[in-house]
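Listed below, chain by chain, are the residues.
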Amino acid sequence: MLISVIIPVYNSEKFLNRCVDSVLKQSYKELDIILIDDGSTDASGEICDKVACIDKRFEVIHIPNSGVSHARNVGIDASCGEYITFIDADDRIPNNYLENLYETIIESGVDLSICTITKIWHSGKKKKIQLPGSGTFDISELLLNFADYQKNRYLWILLWKDNLKRISWEYPI
């Protein structure tokens, strides 16, 4: 099953290579990786283009700056995977991140998997973040709690079935 990984990019040249490297090291390899350059004024757009030349799983879409929510919506529209997730350009993910989220969905037969993360600041401070209701959900449960995930912007800890984008929800702009 193909997983679409949507990465909004805005002035992230200091972190983008690290993020891309963590995606390339995923144990789950069937990926459609969409980099949305949201009008970056640094070298981020060029980095995106170079990555796409190296690995054909990457697609780059350059748009005028209009914010992360719009960039995510552009990525959703361009996605072709059976599952979708977001990763922020300044994030890195463990090598088994996507495989674990995917296997959880398959084993549970649900529509959405949510994981716990560890946020690490530049100072080295760490904080484990687990949202209320973390785990697996079917579509009816998701709709009850999705507004909280959008409001808190914890969109990079979700993997969901593509059919959820067909129910006409978008990220608020």
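To be clear, the structure that these remarks concern was listed above.
So, how was this worked out
Residues numbered from 1 in each chain as written. Predicted model: local features only at pLDDT ≥ 70, side-chain atom pairs only at ≥ 80, totals over all residues. Heavy atoms only, no water. Axes fitted to C-alpha atoms, helices over the stretch in contact; angles between N-to-C directions. Helix = DSSP H or I, 4+ residues; strand = E, 2+ residues; numbered from the N terminus. Parallel < 35°, antiparallel > 145°, perpendicular 65-115°, else oblique. Left-handed = near helix turned anticlockwise from the far one by under 90°. Contact = heavy atoms within 4.5 Å. Nonpolar A, V, L, I, M, F, W, Y, C, P; charged D, E, K, R; others polar. Core = buried A, V, L, I, M, F, W, Y, C linked by side-chain atoms within 4.5 Å. Buried < 20%, exposed > 50% of the residue type's maximum accessible area, 1.4 Å probe, protein only. Phe/Tyr/Trp six-rings, centres within 6.5 Å; stacked < 30°, edge-to-face > 60°. Lys NZ or Arg CZ within 6 Å of the ring centre and 35° of its normal.

Draft legend 1. Spatial organisation of the packing of helix α1 (residues 16–24) against helix α2 (residues 44–54). At a minimum axis distance of 10 Å, the contact between α1 and α2 shows a crossing angle of 25°. Classed by the angle they form, the pair α1 and α2 counts as roughly parallel. In this structure, the crossing between α1 and α2 has a hand that is right-handed. Along its contact with α1, which presents Leu16, Asn17 and Val20, the element α2 presents Ser44, Ile47, Cys48 and Val51. Among the residues forming the contact of α1 with α2, the class breakdown is five nonpolar, two polar and no charged.

Draft legend 2. A look at the nonpolar core. Core analysis: the largest hydrophobic core is formed by 27 residues, its most contacted members being Ile3, Val5, Ile7 and Leu31. Considering each element in turn, this core owes the most residues, five residues, to helix α4 (residues 97–108). What Ile3 contacts, discounting residues up to four positions off in sequence, is Tyr28, Glu30, Leu31, Asp32, Tyr83, Thr85, Leu98, Tyr102 and Leu159. Counting ten residues, the second largest nonpolar core, distinct from the first, contains Ile34, Ala71, Val74 and Ile76.

Draft legend 3. How the structure looks around the packing of aromatic side chains. Per the stated rule, a full pass over the model turns up two aromatic pairs. The interplanar angle of 85° and the centroid separation of 5.5 Å between the aromatic rings of Tyr83 and Tyr102 together place this pair among those described as edge-to-face. Separated by 19 residues along the polypeptide, Tyr83 in strand β4 (residues 83–86) and Tyr102 in helix α4 bring together distant segments of the chain. Look at Tyr83 and you get buried, because its relative accessible area is 6%. Judged by its relative accessible area of 14%, Tyr102 is buried. When the ring centre of Phe86 is taken as origin, the NZ or CZ atom of Arg72, which lies over that ring, is 5.4 Å away.

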